[in-house]
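# Observations on the three-dimensional arrangement
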Amino acid sequence: MSDYVVMEDKLDATEVKIHKVSCGHYQNNLKNPTETTLWHGPYDLDHAETTAEMLSKQYTKGWKLAECCN
Ligand SMILES: [Zn+2]
């Protein structure tokens with residue numbers, strides 16, 4: 001099941017975060033995209049974790065499962 005999306009903050013202001021497709025943060029971004037975040041997916045959880053880990057290598061804060069979706 002592809003229930004997860006990965007958020008990349010281009011300003012490195014926060015961790016690369018995994019959210020659920022149903023999360024309000026993701027749904028808001030679909031309606032009002034911001035210029036500072038990129039969303040990847042949807043993926044299944046394994047693929048989301050692999051993607052988050054890979055993306056986080058460009059940044060300094062690491063990655064995690066977002067609190068709102070944990
Ligand atoms: Zn979330």
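A brief report on the enclosed structure follows. (Residues numbered from 1 in each chain as written. Predicted model: local features only at pLDDT ≥ 70, side-chain atom pairs only at ≥ 80, totals over all residues. Heavy atoms only, no water.)

### Digging into the coordination of the zinc ion
For the zinc ion, the protein coordination sphere consists of His19 (ND1), Cys23 (SG), Cys68 (SG) and Cys69 (SG), at 2.1 to 2.4 Å. Note that the zinc ion binds 4 donor atoms; their angles at the metal cover 100 to 116°, and the shape is tetrahedral. Sequence positions of the donors to the zinc ion reduce to the motif H-x3-C-x44-C-C. Here Cys69 lies in the segment after β4 (63-65) and His19 lies in strand β2 (residues 16-20), a separation of 50 residues in the sequence. A residue is classified by how much of its surface remains accessible, and His19, at 4% relative accessible area, is buried. Its relative accessible area of 8% is what places Cys69 among the buried residues. (Donors = N, O, S within 2.8 Å, 3.2 Å for Na, K, Ca; no water. Tetrahedral: all angles 85-135°; square planar, octahedral: opposite > 155°, others 65-115°. Helix = DSSP H or I, 4+ residues; strand = E, 2+ residues; numbered from the N terminus. Buried < 20%, exposed > 50% of the residue type's maximum accessible area, 1.4 Å probe, protein only.)

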